[in-house]
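Take a look at the letters that make up each chain.
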Amino acid sequence: MLLLRAVVYLWASPNTVLGILFGLLAFQRPRIVRGVLLFDGPPRGFTAGLRLFRRAAVTFGHVVLGNRPVEGRLLAHERHHVWKYERLGPLYLPIYLLVWVFTGYRRHPFELAAKLAESAD
């Protein structure tokens with residue numbers, strides 16, 4: 001089981017590295033919650049830009065960046081994206097963007113599934 005977790009983290013690691021780089025640009029103290037590295041709190045640096053898109057958080061691999069504390073339903077939503085990154089690895093972002101072109105954000109299957117996960121966690 002430990003080996004499987006290591007493989008999952010390795011598979012998602014290209015996106016996680018990207019998330020860490022953006023996290024450093026958020027100028028927030030990171031914390032780890034349930035295997036996820038969170039850069040959350042008052043909007044600063046990178047996370048201040050999330051407000052332009054009316055988003056509270058964004059996920060890259062095992063990293064979540066938020067412009068407010070990421071907890072409760074929001075954490076469950078973002079953890080579902082982490083789960084998806086664990087399955088798709090480096091393919092996640094290209095697939096997400098391609099589907100987004102055709103469906104938009106509100107009808108995006110990844111977002112709809114994460115919305116359902118909010119109440120299941």
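Residues numbered from 1 in each chain as written. Predicted model: local features only at pLDDT ≥ 70, side-chain atom pairs only at ≥ 80, totals over all residues. Heavy atoms only, no water.

1. Remarks on the pattern of salt bridges
Alright, step 1. Under the criterion given, the structure shown has five salt bridges.
Alright, step 2. Between Glu86 and Arg5 there is a salt bridge whose closest N-O contact spans 3.0 Å. Taken together, the residues Glu86 in helix H3 (residues 72–88) and Arg5 in helix H1 (residues 2–24) connect sequence positions 81 residues apart.
Alright, step 3. When its relative accessible area of 11% is taken as the criterion, Glu86 is described as buried. (Salt bridge = Lys/Arg side-chain N within 4 Å of Asp/Glu carboxyl O. Helix = DSSP H or I, 4+ residues; strand = E, 2+ residues; numbered from the N terminus. Buried < 20%, exposed > 50% of the residue type's maximum accessible area, 1.4 Å probe, protein only.)

2. Notes on the packing of H3 against helix H5 (residues 109–120)
Alright, step 1. Put simply, H3 and H5 touch, their axes get as near as 8 Å, and they point 130° apart. On the basis of their axis angle, the class for H3 and H5 is oblique. For the element pair H3 and H5, the recorded crossing hand is right-handed. Mapping the contact onto sequence places Arg73, Ala76, His77, His80, His81, Lys84 and Leu88 in H3 and Phe110, Glu111, Ala113, Ala114, Lys115, Ala117, Glu118 and Ser119 in H5.
Alright, step 2. Across the contact of H3 with H5, the residue classes break down as six nonpolar, four polar and five charged. (Axes fitted to C-alpha atoms, helices over the stretch in contact; angles between N-to-C directions. Parallel < 35°, antiparallel > 145°, perpendicular 65-115°, else oblique. Left-handed = near helix turned anticlockwise from the far one by under 90°. Contact = heavy atoms within 4.5 Å. Nonpolar A, V, L, I, M, F, W, Y, C, P; charged D, E, K, R; others polar.)

3. Quick notes on the environment of Thr103
Alright, step 1. Tracing the chain through its elements places Thr103 in helix H4 (residues 92–103).
Alright, step 2. Residues Thr103 and Gly19, spaced 84 residues apart in sequence, show a C-alpha to C-alpha distance of 24 Å.
Alright, step 3. Other than its neighbours up to four places away in sequence, Thr103 contacts His108 and Pro109.

4. Quick word on the pairing of strand S2 (residues 36–39)
Alright, step 1. When strand S1 (residues 31–33) meets S2, the two strands line up antiparallel, connected through three bridges. Among the inter-strand pairings, Ile32 is bridged to a residue of S2, identified as Leu37.
Alright, step 2. Linking S1 to S2, which pair antiparallel, is a turn of two residues; within it Arg34 sits at a positive phi near 50°.
Alright, step 3. With three bridges connecting them, S2 and strand S4 (residues 63–66) associate as parallel partners. In the strand pairing of S4, Phe39 is matched with Leu65. (Pairing = 2+ DSSP bridges.)

5. A few points about H4
Alright, step 1. Here H4 spans 16 Å end to end across 12 residues, near enough to the 16 Å set by a 1.5 Å rise per residue.
Alright, step 2. After H4 finishes, the residue Gly104 shows a positive phi value of roughly 80°. (Expected span 1.5 Å × (residues − 1).)

6. Here we look at the packing of H4 against H5
Alright, step 1. Where H4 meets H5, the closest approach of the two axes is 9 Å, and the angle between their N-to-C directions is 100°. Comparing their axes, H5 and H4 come out roughly perpendicular. Only Pro109, Phe110 and Glu111 of H5 make contact with H4, whose side of the interface consists of Tyr92, Ile95, Tyr96, Val99 and Thr103.
Alright, step 2. Looking at the contact of H4 with H5 residue by residue, the classes come out as six nonpolar, one polar and one charged.

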